[in-house]
Amino acid sequence: MTRNELLLALAALVLMVFSLVSAIVIPRRYEDFPGERLGLFAVVTVALVIGMLGAVELFGEERHGGEAAAEERGGENIGPGTTGETAPPPPPGGQGGGGEGDPAAGREVFTTGAQPTCATCHTFGPAGSNATTGPNLDEALRDADPEFVRESIVDPNAEITEGFQEGVMPDVYGEQLSEEQLNDLVAFLAQPG
């Protein structure tokens, strides 16, 4: 159990104990509860609920395989990873999805699209990124056809670049990106040059 999970569980436990004690234990001893203490009871209740919501926001960020593995290795946090589900196969024909993408829009998807962004983990000259968590795309995608690029995005474990482990790249982009965003990203990554 990670530190965040422990803190979140502790916050939930405090709220549950307060709820049970104020609903079952205290009313048995004091029949008029909360009676004159209604204001104090309301303030404490609201504070605990706000505290729990804050704890969920602060400590409850969902994590998956690649990120948890990086944390266990003491490495950098690489964002969501594999979910254990397989990504849908690319649609038949061409880049998949049946349409040509816009490389300029694809650059935007690469740098600001789904989280974590491609630029968070990859070096790619046309995007001005130089991260090293994932493969250098200037090298890995040199002369790659659009179908390979699409498969590398939606099913990143289908072919692993030498020197990298399965599960490092999230396999959720096929679901996070719209078909248009995916076509644009493929067009940006597969452009000659």
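Report on the accompanying structure.

Thresholds applied
- The numbering scheme is per chain: residues are counted from 1 as the chain's sequence reads.
- Whole-chain, interface and lining totals are the exception, using all residues; otherwise, since this is a predicted model, local features are given only for residues with pLDDT of at least 70 and side-chain atom pairs are given and counted only at 80 or more.
- No hydrogens and no water enter the side-chain calculation; it runs on all heavy atoms of the structure.
- Helix and strand assignments follow DSSP, with helices taken as H or I runs no shorter than four residues and strands as E runs no shorter than two, numbered in order from the N terminus.
- Multiplying 1.5 Å by the residue count of a helix minus one yields the expected span of that helix.
- Across the chain, bend at a residue is computed as the angle between axes fitted to the seven residues ending at that point and the seven starting from it.
- One speaks of a salt bridge when a side-chain nitrogen belonging to Lys or Arg is within 4 Å of a carboxyl oxygen belonging to Asp or Glu.
- A 1.4 Å probe rolled over the protein chains alone gives each residue an accessible area, and that area as a share of the maximum for its type sets the label: buried under 20%, exposed over 50%, partly exposed in between.
- Throughout this description, a polar contact denotes any pair of N or O atoms lying within 3.5 Å of each other; where both atoms belong to protein, one of them has to be capable of donating a hydrogen while the other can accept it, and for residues adjacent in sequence the pair is counted only when both atoms sit in side chains.
- Residues are treated as being in contact if the distance between any of their heavy atoms lies within 4.5 Å.
- Only protein atoms enter the 1 Å grid, on which a cavity is a set of points fitting a 1.4 Å probe that cannot get out and a pocket is an open set with protein on both sides within 12 Å along at least 5 of 7 lines, lining residues being those with an atom within 4 Å of a point.
- Grid points are joined across faces, edges and corners, and a volume is the space filled by probe spheres set on the points.
- Ten residues, namely Ala, Val, Leu, Ile, Met, Phe, Trp, Tyr, Cys and Pro, are considered nonpolar, four, namely Asp, Glu, Lys and Arg, are considered charged, and the remaining ones, Gly among them, are considered polar.

1. Quick notes on helix α1 (residues 3–29)
And step 1. The end-to-end C-alpha separation of α1 is 37 Å, in line with the 39 Å expected for 27 residues at 1.5 Å each.
And step 2. Considering bend angle alone, the principal kink of α1 is centred on Val21 and spans about 40 degrees.

2. Remarks on the pattern of salt bridges
And step 1. Evaluation of the coordinates by the stated rule reveals one salt bridge.
And step 2. Glu179 serves as the salt-bridge partner of Arg150, at 3.2 Å between the closest nitrogen and oxygen. Pair noted here: Arg150 is in helix α7 (residues 146–154) and Glu179 is in helix α9 (residues 179–190), with a separation of 29 residues, a long-range link.

3. With respect to the side chain of Ser22
And step 1. Mapped onto the elements, Ser22 comes out in helix α1.
And step 2. Residue Ser22 is classed as buried on the basis of its relative accessible area of 10%.
And step 3. Polar side-chain contacts of Ser22 include one of 3.3 Å to the backbone oxygen of Ser19.
And step 4. Apart from the residues lying within four places of it in its own chain, the contact partners of Ser22 are Pro27, Phe33 and Phe41.

4. Examining unusual backbone geometry
And step 1. Cis geometry is adopted by the peptide bond preceding Pro34, which originates at Phe33 and carries an omega value of 0 degrees.
And step 2. Within the secondary structure, Pro34 sits in the loop between α1 and α2 (38–59).
And step 3. In this structure, Asp143 takes a positive phi of about 65 degrees despite not being glycine.
And step 4. With respect to the helices, strands and loops of the structure, Asp143 is situated in the loop between α6 (137–140) and α7.

5. So, the environment of Gln181
And step 1. Among the structural elements, Gln181 can be located in helix α9.
And step 2. For Gln181, a relative accessible area of 29% corresponds to the partly exposed category.
And step 3. Between the C-alpha atoms of Gln181 and Glu108, which are 73 residues apart in sequence, the distance is 9.2 Å.
And step 4. When residues no more than four places from it in sequence are discounted, the contact partners of Gln181 are Val109 and Gln176.
And step 5. Only 2.8 Å separates the side chain of Gln181 from the backbone nitrogen of Ser178, close enough to count as a polar contact.

6. Things to note about α9
And step 1. Look at α9: 16 Å from first C-alpha to last across twelve residues, which is about the 16 Å you get at 1.5 Å a residue.
And step 2. Among the residues of α9, Leu182, Asn183, Asp184, Leu185, Val186, Ala187, Phe188 and Leu189 are the ones counted as buried.
And step 3. In this structure, the buried side of α9 is in contact with α4 (103–112), α5 (118–121), β1 (123–124), α6 and α7.

7. Focus: empty space enclosed by the protein
With a probe scaled to a water molecule rolled over the atoms, the places where space remains empty come into view.
And step 1. What the rule picks out here adds up to one cavity of 30 Å³ or more.
And step 2. By volume, the largest cavity is sized at about 30 Å³.
And step 3. Surrounding the largest cavity, Val109, Gly113, Ala114, Pro116, Thr117, Cys118, Tyr173 and Leu177 form its lining.
And step 4. Taken together, the residues that form the lining of the largest cavity break down as six nonpolar, two polar and no charged.

8. A word on the layout of surface pockets
And step 1. Of the volumes computed, that of the largest pocket is approximately 500 Å³.
And step 2. At the level of elements, α5, α6, α7 and α9 are the ones that each hand at least two residues to the lining of the largest pocket.
And step 3. When residues in the lining of the largest pocket are grouped by element, the largest group, four residues, is from α7.
And step 4. A per-class count over the lining of the largest pocket returns 21 nonpolar, nine polar and one charged.

Nothing here speaks to function; it is geometry throughout.
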